[in-house]
Amino acid sequence: MNIDFNKNSDGLVPAIIQDAMTKNVLMLGYMNEAAYLKTMEIGKVTFFSRSKNRLWTKGEESGNFLQLETIELDCDNDTLLIQARPNGPTCHKGTNTCWNGTNEQSYGFLSTLESTISERVENANASNSYIASLFKKGINKIAQKVGEEAVEVVIEAKDTNDILFLEESADLLFHYLLLLRAKGYGLNHVVSVLKEREK
């Protein structure tokens, strides 16, 4: 890896740390060549501490190491993107990230949709939404809707109307999220099962 440590007079390059699983940004540190080589050697992310003026392996005092997964170099060869597995909180203040954020898996819009579903279910008595009304009918009705939508997806898959196929696919995914919620689960639980199978 052709890292340009000489671009800055201090010989340091920024190292962005990203959780290898959740893809959330955890922290920003700096590496010199010795820190990079040490990271590669021990498999734990090591920085050059500007305040301590020495190499510093994240977690050497707290035990909250960052286990190295991958290192990527940007287009200018002067910034690193490091994917790691955190052993505990990353920030020295005890939070999961240095931006005081949670380090939870997110599936973008699908996670937002899961939150909307939960909100409508929890406020079912005050809501006249489709979600609330379906949940009032119970799990059998929700499961039945998943079955109906699955059949419609199969029917449209055998046809040539791509728009209808995608619309029915969206209906199936939406109702499946409802069923997961009705059973007390979410996408994270399903993804965990799939990851176990990957092994």
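Here the structure is a predicted model, which is why all the values come from computation and not from measurement.

(A) Layout of the pattern of salt bridges. Here the structure, examined in full by the defined rule, presents 7 salt bridges. Of the charged contacts in the structure, one is a salt bridge between E148 and K145, with a shortest N-O distance of 3.7 Å. Here E148 pairs with K145, and both are found in helix α4 (residues 139-157), just 3 residues apart, close to one helical turn. Taking the relative accessible area as the measure of exposure, E148 reaches 31% and is therefore partly exposed.

(B) Spotlight on the packing of helix α2 (residues 109-122) against helix α5 (residues 162-182). Direction vectors running N to C along α2 and α5 enclose 55 degrees, while the axes themselves pass 10 Å from each other. With respect to their mutual orientation, α2 and α5 come out oblique. Between α2 and α5 lies a crossing whose hand is right-handed. In contact with L110, L113, E114, I117, S118, V121 and E122 of α2, α5 contributes L173, F174, L177, L178 and R181.

(C) Looking closely at the nonpolar core. I17, M31, V45, F47, L66, L80 and I82 are the most contacted members of the largest nonpolar core, which has 18 residues in total. When residues of this core are traced back to their parent elements, those giving at least two are β1 (13-19), β2 (25-31), α1 (33-42), β5 (66-73) and β6 (80-86). Every residue in contact with I17, bar those within four places of it in the chain, is listed here: N24, V25, L26, M27, V45, F47, L66, I82 and A84.

The rules we used
- Residues numbered from 1 in each chain as written.
- Predicted model: local features only at pLDDT ≥ 70, side-chain atom pairs only at ≥ 80, totals over all residues.
- Heavy atoms only, no water.
- Salt bridge = Lys/Arg side-chain N within 4 Å of Asp/Glu carboxyl O.
- Helix = DSSP H or I, 4+ residues; strand = E, 2+ residues; numbered from the N terminus.
- Buried < 20%, exposed > 50% of the residue type's maximum accessible area, 1.4 Å probe, protein only.
- Axes fitted to C-alpha atoms, helices over the stretch in contact; angles between N-to-C directions.
- Parallel < 35°, antiparallel > 145°, perpendicular 65-115°, else oblique.
- Left-handed = near helix turned anticlockwise from the far one by under 90°.
- Contact = heavy atoms within 4.5 Å.
- Core = buried A, V, L, I, M, F, W, Y, C linked by side-chain atoms within 4.5 Å.

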